[in-house]
Structure formats: structure tokens, C-alpha cells
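Chain residues, written in single-letter form:
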Amino acid sequence: MPQDFDDFEASHASQASHASQASQASHASDSSDDEAQIRALITGWAAAVHRGDLAGVIADHAQDLVMFDVPPPHHGIRGLAAYRAAWPPFFAWQAQGACFDIESLDITAGSDVAYAHALVRCATPEELAEHPDFRLRLTFGLRKERGRWLVAHEHHSFPHD
């Protein structure tokens, strides 16, 4: 009997190990799928910003969104309606020839919460000629609702010397 118990225990440990490895592989696959979805969401958002496409900019944002932006109000913008209202002045400025191009984007995704940060070339050609390394810093907080990633927090800033 002891030999049979040892064999059972070894077999059970092996099955548990395989199950754990399968679970980790599934989680890694889910995580990379989530990261890919978030990358597509953010790059799509940036393309909409570049086009001046307000509907594309507000898509995939939570109703209770909070945004801290470069221009006032410095206490932040709360809610999708206020977020929508903040974009037309930026689009008018951008129409003067400014760029809005993501240079780097890093994403960390859990099962239902994620964050991302990016550096963006966001300036007119004249501003970039004067300050070629000047970059907009973006941070996103996201949450998954009913299987869909939504931006719940956005923070835009420029470095200050």
C-alpha cells in the first residue's frame, strides 16, 4: 500500500503541475490579448485625435471618466460630456499643422484593470524645431466592463524645467 500511495501522490502532483502550467499559459495568453486590445484602443484613440475625429476620441471612454489635462481646469475634467467639450479647442490648435504621434507605449494589464503610459510628439513644427525632444506624457487607467476595455482615467502633461 505505501508504494501505491506514493505513486498516487506523484501522479496527483504531476497533474496539478500540468494544470498550473496550463492556467499560467492561459493567463499569459489572456494578458497578451488584453494588452493587444488596449494597444489597439490607445493607438486608435491617438489616430482619432490626429484626425480631429471627436466620435473616435470619446469612443471607449467610461461615462465617469476623469482627465487631468495640460490646459485648465487644473482640478480635472469629470464625466464624458466634459471630456467631449474639452477637445474642440485642441483640434483648432492642431489644425495649424501640429502633430500627435505616439513614440512609445507601455501597457500593464490585469484581468479587469490596466494602465498604460506613452510619450507623444505633440507640437507644431516650429515648437519641435525649437525643442526637438519635447514630448507630451500620457497616462491611462483602464477597466474592463462586460468584456470591453474602457479608459476611466487620462492624464496629459508636459515636463517643466
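Please read these numbers as outputs of a predicted model, since none were measured by experiment.

Considering the overall build of the protein
Moving on, step 1. Secondary structure assignment for the protein yields 4 helices and 6 strands.
Moving on, step 2. When the elements of the protein are put in sequence order from the N terminus, they spell out α-α-β-β-α-β-β-α-β-β.
Moving on, step 3. Partitioning the intrachain contacts of the protein with sequence separation of at least 6 by distance along the chain shows that 54% fall at a separation of at least 24.
Moving on, step 4. Roughly 9,500 Å² of accessible area belongs to the protein as shown, and the carbon and sulfur atoms make up 56% of that amount.

Quick notes on unusual backbone geometry
Moving on, step 1. The step from Pro72 to Pro73 runs through a cis peptide bond, and the omega angle for that step is 10°.
Moving on, step 2. Summarising the element assignment, Pro73 is placed in the loop between β1 (61-68) and β2 (77-78).
Moving on, step 3. One non-glycine residue with positive phi stands out, namely Arg146, at about 50°.
Moving on, step 4. Mapped onto the elements of the fold, Arg146 is located in the loop between β5 (136-145) and β6 (148-157).

Here we look at the side chain of Asp34
Moving on, step 1. You can see Asp34 is positioned in helix α1 (residues 2-51).
Moving on, step 2. Looking at Asp34, its side chain comes within polar contact range of the side chain of Trp149, at 3.2 Å.
Moving on, step 3. If near-sequence neighbours (up to four positions away) are discounted, Asp34 is found in contact with Ala109, Gly110, Ser111, Lys144 and Trp149.

Comments concerning the packing of aromatic side chains
Moving on, step 1. Taken as a whole, this structure holds 10 aromatic pairs when the rule is applied.
Moving on, step 2. Judged by centre distance (5.2 Å) and plane angle (85°), the ring pair of Trp45 and Phe140 falls under edge-to-face. Pair noted here: Trp45 is in helix α1 and Phe140 is in strand β5, with a separation of 95 residues, a long-range link.
Moving on, step 3. Ring geometry for Tyr83 against Trp87: centres 5.9 Å apart, planes inclined by 75°, an arrangement best described as edge-to-face. A residue pair is termed a helical-turn pair when its members lie 3 or 4 positions apart in one helix, as Tyr83 and Trp87 do in helix α3 (residues 80-94) at 4 residues.
Moving on, step 4. Overall, the relative accessible area of 5% leaves Trp87 in the buried class.
Moving on, step 5. Among the aromatic residues, those joined into a cluster by ring pairs are Trp45, Tyr83, Trp87, Phe90, Phe91, Trp93, Phe100 and Phe140.

Conventions and cut-offs
Residues numbered from 1 in each chain as written. Predicted model: local features only at pLDDT ≥ 70, side-chain atom pairs only at ≥ 80, totals over all residues. Heavy atoms only, no water. Helix = DSSP H or I, 4+ residues; strand = E, 2+ residues; numbered from the N terminus. Contact = heavy atoms within 4.5 Å. Areas by Shrake-Rupley, 256 points an atom, 1.4 Å probe, with all protein chains shown as cover. Polar contact = N/O pair within 3.5 Å; in protein donor to acceptor, adjacent residues only side chain to side chain. Phe/Tyr/Trp six-rings, centres within 6.5 Å; stacked < 30°, edge-to-face > 60°. Buried < 20%, exposed > 50% of the residue type's maximum accessible area, 1.4 Å probe, protein only.

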